[in-house]
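Coordinates in review
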Amino acid sequence: MRSWSSGICDVVLMDETVKPVRVPLQMSTYADRHHLFHLMEILVSGLIVHRPDDPISWLIHFLQRSRIDVPRVLLLGPPAVGKHTVVTQLCAELRAVHVTMDSLLTGQSELSCQSEQDFPAEPLVKRIQQRLSEVDCLNQGWVLEGIPQTRLQALSLQQAGVFPEHVVLLEAPDDVLMDRSRGRLVDPLTGDIYHHTFILPSDQTVAQRLEKGRSLSEAQLLVHLHRYRREVAGLSSAYKDVLKVINSDQPQADVYQQVLSFVRTRHRSRTPRILLLGPPGSGKSHLARQLSEKYKMVDVCCGRLLRSAAAQSSAVGDQVRPYVEDGRPVPDSVVLQILQDRLSRVDCSCRGWVLHGFPSDLQQARGLQETQHQPNRVFFLELTDDVCVDRLSLRSTDPVTGHRFHAVTRPAPSTDVHERLQTHPADRRGAVTLRLNQYRANDPGLKSVYPDAVHIDADQDPHSVFEAVESRLTTD
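Residues numbered from 1 in each chain as written. Predicted model: local features only at pLDDT ≥ 70, side-chain atom pairs only at ≥ 80, totals over all residues. Heavy atoms only, no water.

A word on the sheet that holds strand 8 (residues 243-247). The strand order across the open sheet formed by 5 strands is 2-3-1-4-8, and the pairing between neighbours is parallel. With partners counted over all chains shown, the strands left at the sheet margins are strand 2 (97-99) and strand 8, one partner each. Along the sheet, successive strands turn relative to each other by an average axial angle of 20°, direction set aside. Here strand 1 (residues 72-76) runs beside strand 4 (residues 166-171); their pairing, made up of 4 bridges, is parallel. Paired with Leu 76 across the bridge in strand 4 is Leu 169. The sheet strands contacting helix 14 (residues 252-263) are strand 1, strand 4 and strand 8, and the helix crosses strand 4 at an angle near 160°. (Pairing = 2+ DSSP bridges. Helix = DSSP H or I, 4+ residues; strand = E, 2+ residues; numbered from the N terminus. Axes fitted to C-alpha atoms, helices over the stretch in contact; angles between N-to-C directions. Contact = heavy atoms within 4.5 Å.)

To continue, consider the packing of helix 21 (residues 385-393) against helix 23 (residues 429-449). Packing of helix 21 against helix 23 leaves a shortest axis separation of 10 Å and a crossing angle of 140°. As summarised for this structure, helix 21 and helix 23 are arranged oblique, according to the angle between their axes. At the point where helix 21 passes helix 23, the crossing takes the right-handed sense. Contacts between helix 21 and helix 23 involve Asp 385, Cys 388, Val 389, Asp 390, Leu 392 and Ser 393 from the former and Arg 429, Val 432, Thr 433, Arg 435, Leu 436 and Arg 440 from the latter. (Parallel < 35°, antiparallel > 145°, perpendicular 65-115°, else oblique. Left-handed = near helix turned anticlockwise from the far one by under 90°.)

What follows is about helix 15 (residues 284-295). Residues separated by three or four positions in an α-helix point in the same direction, a consequence of the helix having 3.6 residues per turn. With 12 residues, helix 15 ought to run about 16 Å at 1.5 Å a step, and its terminal C-alpha atoms sit 16 Å apart, in line with that. Taken residue by residue, helix 15 has Lys 284, Leu 287, Ala 288, Leu 291 and Ser 292 as its buried positions. All buried residues of helix 15 project into a common sector of 135° when viewed along the axis, lining one side. Looking at the buried positions of helix 15, the neighbouring elements they touch are strand 9 (273-277), strand 10 (298-301), strand 11 (353-356), strand 12 (377-382) and helix 24 (462-470). Once helix 15 finishes, Lys 296 follows within two positions and takes phi at roughly 65°, a positive value. (Expected span 1.5 Å × (residues − 1). Buried < 20%, exposed > 50% of the residue type's maximum accessible area, 1.4 Å probe, protein only. Arc of directions from axis to C-beta.)

Here it is, written out as structure tokens:
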């Protein structure tokens, strides 16, 4: 969630003896848009690992021969979990190079006599480096099937500069793996693997030529499973920052779609600048508070910001106060001035921000786009009018305790409390309907400004909405 610019800000602010040097906002925005921080992470990690005598020449050569947008994937798991089938489909979809232990061992007499988990780490890593540095892997990307198999091999790969962007760990209970091993079928022409129960080919011609696959005996499989279970914790910890565990005890098509969805994400290190849009009652304020509490980003509520400005004794306060006191909309130019001042402060620059309550129409959205404070994540919380009205018009507040209640989801605990509840004028059904109509009229204009925004179904429990938003914060 934090970018390199965040780290620079932190370092500068820690030293109170120097003037507070600020990274220009334009630089951070440009770097986010073109993924420069991600590129720098790759280049710097490469320099640290390889330590070339001529760093400039090495960087030029690296940029000329490498692409940072190709897949770099490890797919791990116990025997008979379905790795080969998934990797074959994945490589066909992504046009990546399929790298297996068998392909690495071709012509490697010093390794071929070893069992897979007993391979000496040094010659194995050297062979992997050689394979991944070949032109097809550099240009198309790669998927390693079942490699590495031990924590030592994983750490050796990292020391050698082999860093996958995604690591998938397929898991299934041992009894399921035993059943799959017994029913293994192989297409002798393509080498594709099927199973007489779990995976059958749709083409009858293929089905007729299937042969019983070479598989481990039950005793051998148990030994391999035991060794895998002994190593899996170490493997997982070595790749914990890029790891996703997927349950393989489900239809193969579902497993593959989960793997493909994960591998297509791109992890980015950036300062979050989040914009929440949606009709009144969709939960923007609650979601912003959750994001702020967990990720320490600044919760910027436009309405609260204007009320705070009106309470201050300043030129801006004098300008805003009459509008706020009369309940009239503040001019867009004044709102943008106050908003830009808030978003330019050090806490927003370093920790990021989540904005809600602005923009509310096409003109405001375009005005925000013309500033240096453009969001890098936009979420539309989608909700029907009926649900919005029910959420707002059925809520009320206890003037004694300040607690808020809802007639359906959180009723008053006693008759006394219920009798003294009060409904805010803005939450009355007529007022809510008017605000909804205004939002619906401006909704197409907002969506035209943010065509790449993520649309979230807000008609579910708040935790599910938060998880849906959270899953898209650091990925493209």
